[in-house]
Amino acid sequence: MLSLAFFATIFSASTAYAVDVSIALTAPSSAVSISSSHISFSIEQDRWTDWVGATSRNEFYFNVLQNLAGLAGEPPRFRIGADSEDRTNFQPGLKVTETVFAPPTAATPFPEAESVVVGQAFYQAAQNLPPGTHVTWGVNLKEENLTAAFLEAQAIVEAFEAFPASLDLTLDAVEIGNEADLYVNGGFRPSPFTIAEYVQQWETFAANVSAAAKITPTSATRFWGGAFGGSDHSASGFSPQGLFANGILNSTQGKEISTISQHLYSGSGLNCGLTSTCIQNLMSKAFIRGNLSAFIPDIASVKAQNLDYVMGETNSYFDHGGPNISDSAGAAVWAVDYVFFASQLGISRLYFHEGIGYKYNFVQPITLNINVDTAAPQVAPPHVQPAYYAAIITAEAIGNSGTTSVIELTLNSSTLSGYALYNSGKLSKALFINSQGFFTTTTTSRPSVHLDLGFTSTAGAPTKITVKSLDIAHADDKSGLTWGGQTYETSDGKVSGSVSVEQGTVQGGVDILATQVVLVTFES
Ligand SMILES: *[C@@H]1O[C@H](CO)[C@@H](O)[C@H](O)[C@H]1NC(C)=O
Ligand SMILES: *[C@@H]1O[C@H](CO)[C@@H](O)[C@H](O)[C@H]1NC(C)=O
Ligand SMILES: *[C@@H]1O[C@H](CO)[C@@H](O)[C@H](O)[C@H]1NC(C)=O
Ligand SMILES: *[C@@H]1O[C@H](CO)[C@@H](O)[C@H](O)[C@H]1NC(C)=O
Ligand SMILES: *[C@@H]1O[C@H](CO)[C@@H](O)[C@H](O)[C@H]1NC(C)=O
Ligand SMILES: *[C@@H]1O[C@H](CO)[C@@H](O)[C@H](O)[C@H]1NC(C)=O
């Protein structure tokens, strides 16, 4: 409460207007179930062992993952691979990953490795993930080297087979190749490279990888299909529709696909204008809905085949993020609305892409020696970035019941979104996001919106609320956020400070500042 009063004072919030909120006490039939690992991670695999630790565990990273597991009842899932999965070769017995990197530039302070050679130890490092983690791993398709894909798949499966049962690590799937729709760009396939040709190549590799990884149509480990960089949303191009129209599911290995993965970034964080403009665009309700809604036909075609649909690689702006944008507090606000809106479209999980030193990371798991935005010399110990708070809020809002469902609330506002959350069909919480930017450069006082809470029926309606808020001084800040008064910006990645929430009544409603997220818990 102290911190709320503090914020209200220094930003002299003024309530500009009120918005009516009408919430059903039991889950409407259109509410969708949402996984406790709805926010998951995709890791650029060139520096995979820096994330979890090679021989000994990276305690900082372990702690930030355990924070999420503690709130959600399960750790986030991992997809390991991406661009560098297609630059990886295998050398049996290799203990330390061999990588070749181009020098850093101001535009790309932390480039991806040009080549990667791994041994069994690379895959065995997954033992440093929190117990209960599910993993999808990628193998090389781009270089058309069946031996590489075969040896990688074999080493992946051998690693998981050897992990002690107590680690409870599950290999969900193998992905063959990353963003094959873009292979022609680097001259890796003759142009044009059609979806029909791709499906044939996938089937050849999948036949081999399936045998190496002991995949069957009913095994615990299956294939992720797709993983394209873009989608043309049609049967004739790189899209789920194109995969199906070209018969991938009729092939022997096609029947081993459990999940279709697509990739999505919101655009470029360069040349998008002032930093505040770029952050405001990213956060805005219409932008988020526009970007995700483009995938409605893709999702429908996947669901029609009874397959799972994930965003297997996503984040704010491509090329590792926009400087001073993707690592801003506004990115946390963006991510919360992005993942909950995605749930409404039938996206069952989003894997946020992360690489060492990337601007859009939720977490920087090791000490960095140059600034992620400018490449200027600067030592930064392991730390979380603002977007990490979105993962915390999402994990806490969904919780560990395993029976959570969510529906977007209809709010008459272009800057305010809201979601109602149900446990076993009974209203438990509501999450509100105010995406109006409040920046260090904003010269007017900080606006606030009053939410008038109401229910669609009265019998058994709760009367009391607890309000927990993500407090952000400015959307363009890169640190200093607090969630319920607590910080995760600590040297060990564990939460610090005591929880502060506000007790209120349904009748009294809730105020939400520009650039704020609040979680309302209902009590009778
Ligand atoms: C094919 O892959 C194997 C194993 O990764 C590697 O040793 C070999 O050099 C690769 N061949 C080519 C032509 O890249
Ligand atoms: C898979 O490819 C490897 C390397 O080319 C080969 O040794 C192996 O026999 C192949 N396995 C199958 C089942 O095709
Ligand atoms: C796949 O098989 C189904 C019947 O099993 C058939 O209806 C469909 O046309 C086939 N698709 C392609 C692209 O061959
Ligand atoms: C996301 O939406 C913005 C605003 O409409 C648009 O400029 C951008 O191109 C979209 N990105 C994608 C990948 O569709
Ligand atoms: C990002 O912010 C830093 C200061 O923190 C500034 O030096 C740099 O020019 C900014 N980069 C861009 C692209 O705005
Ligand atoms: C929606 O909000 C606008 C102002 O932002 C207002 O003019 C309009 O009457 C509202 N509509 C409803 C249905 O409340």
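Treat the numbers as computed from the prediction; the structure is a model and nothing was measured.

What exactly am I supposed to notice about the overall build of the protein chain here?
The helix and strand tally for the protein chain stands at twelve helices and 26 strands. The globule rule puts the C-alpha radius of gyration for 524 residues at 24 Å, and the 23 Å found for the protein chain is close to it. With the principal axes as the frame, the protein chain shows a C-alpha extent of 65 × 50 × 45 Å. Per-residue burial for the protein chain yields a buried fraction of 59% across its 524 residues. Restricting the contact set of the protein chain to residue pairs at least 6 apart, pairs at least 24 apart contribute 78%. As displayed, the protein chain offers around 19,000 Å² of accessible surface, 53% of which is attributable to carbon and sulfur atoms.

Help me understand the site of ligand 1 in this model?
Around ligand 1, the neighbouring residues are N89, F90, N145 and A148. Between ligand 1 and the protein, one listed contact pairs an oxygen atom with a side-chain N or O atom of N89 at 2.8 Å. Between ligand 1 and the protein, one listed contact pairs an oxygen atom with a side-chain N or O atom of N145 at 2.3 Å. Compared with its free state, where it exposes 360 Å², ligand 1 has 46% of that area covered by protein. Residue classes in the shell around ligand 1 are distributed as two nonpolar, two polar and no charged.

Mind showing me how you'd approach empty space enclosed by the protein here?
A complete count under the given rule lists three cavities of 30 Å³ or more for this structure. In this structure, the largest cavity spans a volume of roughly 80 Å³. S36, S37, I39, A391 and A395 are the residues nearest the centre of the largest cavity, which is lined by 13 residues in total. Those elements that provide at least two residues to the lining of the largest cavity are α3 (59-72) and α12 (387-398). Ranked by residue count, the leading element in the lining of the largest cavity is α12, at four residues. By residue class, the composition of the lining of the largest cavity is seven nonpolar, five polar and one charged.

Looking at this structure, I do not really get the pairing of strand β12 (residues 308-315). What am I missing?
Side-chain positions along a regular strand alternate between the two faces of the sheet. Buried residues dominate β12, accounting for seven of its eight residues. Note: strand β11 (residues 257-265) against β12, seven bridges, orientation parallel. Within β12, the position partnered with Q262 by the bridge is M311. Looking at chain direction, β12 and strand β13 (residues 350-354) are connected through two bridges and run parallel. Counterpart to M311 in the pairing with β13 is L350. Handedness of the β-α-β unit built from β12, helix α11 (residues 329-344) and β13 comes out right-handed.

Honestly, the pattern of salt bridges in this entry has me stumped. Any pointers?
Proximity of charged atoms lets side chains of opposite charge pair with each other. Within the structure shown, the criterion is met by 13 salt bridges. The partner of R77 in a salt bridge is D172, and the shortest N-O contact between them spans 3.3 Å. Of this pair, R77 sits in the loop between α3 and β4 (78-81) while D172 sits in strand β9 (residues 170-176), placing them 95 residues apart in sequence. The same class applies to R77 and to D172, which are both buried. Notably, a salt bridge pairs R289 with D337, separated by 3.0 Å at the nearest N-O pair. Here the residue R289 occupies a position in helix α9 (residues 285-293), and D337 occupies one in helix α11, the gap between them amounting to 48 residues. D337 shares its class with R289; the two are buried.

Criteria and cut-off values
- Residues numbered from 1 in each chain as written.
- Chains lettered and ligands numbered in written order.
- Predicted model: local features only at pLDDT ≥ 70, side-chain atom pairs only at ≥ 80, totals over all residues.
- Heavy atoms only, no water.
- Helix = DSSP H or I, 4+ residues; strand = E, 2+ residues; numbered from the N terminus.
- Rg over C-alpha atoms; globule rule 2.2 N^0.38 Å.
- Buried < 20%, exposed > 50% of the residue type's maximum accessible area, 1.4 Å probe, protein only.
- Contact = heavy atoms within 4.5 Å.
- Areas by Shrake-Rupley, 256 points an atom, 1.4 Å probe, with all protein chains shown as cover.
- Near = heavy atom within 4 Å.
- Polar contact = N/O pair within 3.5 Å; in protein donor to acceptor, adjacent residues only side chain to side chain.
- Nonpolar A, V, L, I, M, F, W, Y, C, P; charged D, E, K, R; others polar.
- 1 Å grid on protein atoms, 1.4 Å probe; cavity = no way out; pocket = protein on both sides within 12 Å on 5 of 7 lines; lining within 4 Å.
- Points joined across faces, edges and corners; volume = space filled by probe spheres on them.
- Pairing = 2+ DSSP bridges.
- Right-handed = clockwise from strand over helix to strand, strands pointing away.
- Salt bridge = Lys/Arg side-chain N within 4 Å of Asp/Glu carboxyl O.

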